[in-house]
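Chain residues, written in single-letter form:
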Amino acid sequence: MKDISLKVPFWKSREQIPARPSLKVACLSGLGAMLGILGLSFTTEILEMPLLMAPFGASCFLIFALPASPLAQPRNVIFGHFLSTLIGLLMFNIYGDNQLAMGIAVGLAVFIMLLTRTGHPPAGADPIVVFLLQPGWDFLILPTLVGAIGLVLIALIFNNLRPNIRYPTYW
């Protein structure tokens, strides 16, 4: 007997859209994301050291809106960004500024994050950031590593003040 479920086109999926979060959960998630970016931004200004990069905005969605997700755990946020930026810097410095190297860098970042169990989707953009900005090796520490650690610290405080949230679920 043939399995006809495999023949249903993807646009006719019978899956339901996930339930809408409560207004309170949405507000607290947005507030956490705002505080995360503001915390890094103010610290950048006060200490005169760069702690921000665009993928951190997407990281905020995961760590504040979906804090129980495996993709939002501290090891994933910190090591995902660190490894992906490292791969971007290596590929850029070895092969130069070209599309092939950038594409390979993103693919390698995804590969390495999966192998090391540090998958963090926003970190997949880090090699692209490296190729666009063409920073030095110090970019690996500032803003990448210190910024990711800063976001996790803010999430540890904020998320654990929220009712019914325990962050992280694992290290």
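The structure presented is a predicted model; accordingly, all values stated were derived computationally and were not measured.

Cut-off values and rules
- Residues numbered from 1 in each chain as written.
- Predicted model: local features only at pLDDT ≥ 70, side-chain atom pairs only at ≥ 80, totals over all residues.
- Heavy atoms only, no water.
- 1 Å grid on protein atoms, 1.4 Å probe; cavity = no way out; pocket = protein on both sides within 12 Å on 5 of 7 lines; lining within 4 Å.
- Points joined across faces, edges and corners; volume = space filled by probe spheres on them.
- Helix = DSSP H or I, 4+ residues; strand = E, 2+ residues; numbered from the N terminus.
- Nonpolar A, V, L, I, M, F, W, Y, C, P; charged D, E, K, R; others polar.
- Buried < 20%, exposed > 50% of the residue type's maximum accessible area, 1.4 Å probe, protein only.
- Axes fitted to C-alpha atoms, helices over the stretch in contact; angles between N-to-C directions.
- Parallel < 35°, antiparallel > 145°, perpendicular 65-115°, else oblique.
- Left-handed = near helix turned anticlockwise from the far one by under 90°.
- Contact = heavy atoms within 4.5 Å.
- Core = buried A, V, L, I, M, F, W, Y, C linked by side-chain atoms within 4.5 Å.
- Polar contact = N/O pair within 3.5 Å; in protein donor to acceptor, adjacent residues only side chain to side chain.
- Expected span 1.5 Å × (residues − 1).
- Arc of directions from axis to C-beta.

J.: Outline the layout of surface pockets, supporting the account with residue identities and numerical values.
T.: A probe matching the size of a water molecule, rolled over the atoms, marks out where space remains unfilled. Taken as a whole, the largest pocket spans an internal volume of roughly 150 Å³. Every element with two or more residues in the lining of the largest pocket is listed here: helix H1 (23–47) and helix H2 (55–65). Looking at the lining of the largest pocket element by element, the count peaks at 5 residues for H1. Class assignment for the residues of the lining of the largest pocket results in 8 nonpolar, 2 polar and no charged.

J.: Break down unusual backbone geometry for me, with residues and values.
T.: Note the cis peptide between Leu 142 and Pro 143, where omega equals 15°. With respect to the secondary-structure elements, Pro 143 resides in helix H6 (residues 141–161). Along the chain, Tyr 167 connects to Pro 168 via a cis peptide bond; the corresponding omega equals 0°. Summarising the element assignment, Pro 168 is placed in the segment after H6. Positive phi, normally seen in glycine, also occurs at Glu 48, with a value near 55°. Looking at the secondary structure, you find Glu 48 in the loop between H1 and H2. By relative accessible area, which is 72% here, Glu 48 ends up exposed. In this structure, Gln 134 takes a positive phi of about 55° despite not being glycine. Inspection of the secondary structure puts Gln 134 in the loop between helix H5 (126–133) and H6. Residue classification places Gln 134 among the partly exposed residues on the basis of a relative accessible area of 39%.

J.: Give me the packing of helix H3 (residues 74–95) against H6: which residues, what numbers.
T.: In a pair of packed helices, the angle between the axes and the distance between the axes together describe the arrangement. At a closest axis distance of 9 Å, the pairing of H3 and H6 adopts a crossing angle of 165°. It follows from the interaxial angle that H3 and H6 lie roughly antiparallel. Note that H3 runs across H6; the crossing there is right-handed. Contacts between H3 and H6 involve Pro 74, Val 77, Ile 78, His 81, Phe 82 and Thr 85 from the former and Thr 144, Leu 145, Ala 148, Ile 149 and Val 152 from the latter. When its residues are assigned to classes, the contact of H3 with H6 shows 8 nonpolar, 3 polar and no charged.

J.: Can you explain the nonpolar core? Please cite residues and give values.
T.: In terms of nonpolar packing, the biggest core is built from 29 residues, with Phe 56, Ile 63, Phe 64, Phe 131 and Leu 151 touching the most fellow members. Counting residues per element, the ones that place at least two in this core are H2, H3, helix H4 (99–115), H5 and H6. Residue contacts for Phe 64: discarding those within four places in its chain leaves Ser 29, Gly 32, Ala 33, Gly 36, Ile 154, Ala 155, Phe 158, Asn 159 and Arg 162.

J.: Please set out the side chain of Gln 73 residue by residue, giving values where relevant.
T.: Along the chain, Gln 73 falls in the loop between H2 and H3. Look at Gln 73 and you get buried, because its relative accessible area is 0%. A polar contact is formed between the side chain of Gln 73 and the backbone oxygen of Pro 67, at a distance of 2.8 Å. Among the polar contacts listed, one links the side chain of Gln 73 to the backbone nitrogen of Thr 169, at a separation of 2.7 Å.

J.: Can you break down H4 residue by residue, with the values?
T.: In this model, H4 (17 residues) spans 24 Å end to end at C-alpha, consistent with the 24 Å of a helix rising 1.5 Å per residue. Here H4 has its buried residues at Ala 101, Ala 105, Ala 109 and Met 113. Axial view of H4: buried residues confined to an arc of 100°, hence all on one face. Exposed side chains of H4 directed beyond 90 degrees from the buried face belong to Gln 99, Leu 100, Leu 114 and Leu 115. Next to the buried residues of H4 lie H3 and H5. Capping the start of H4, Asn 98 holds a side-chain oxygen 3.2 Å from the backbone nitrogen of Leu 100, two or three residues further along.

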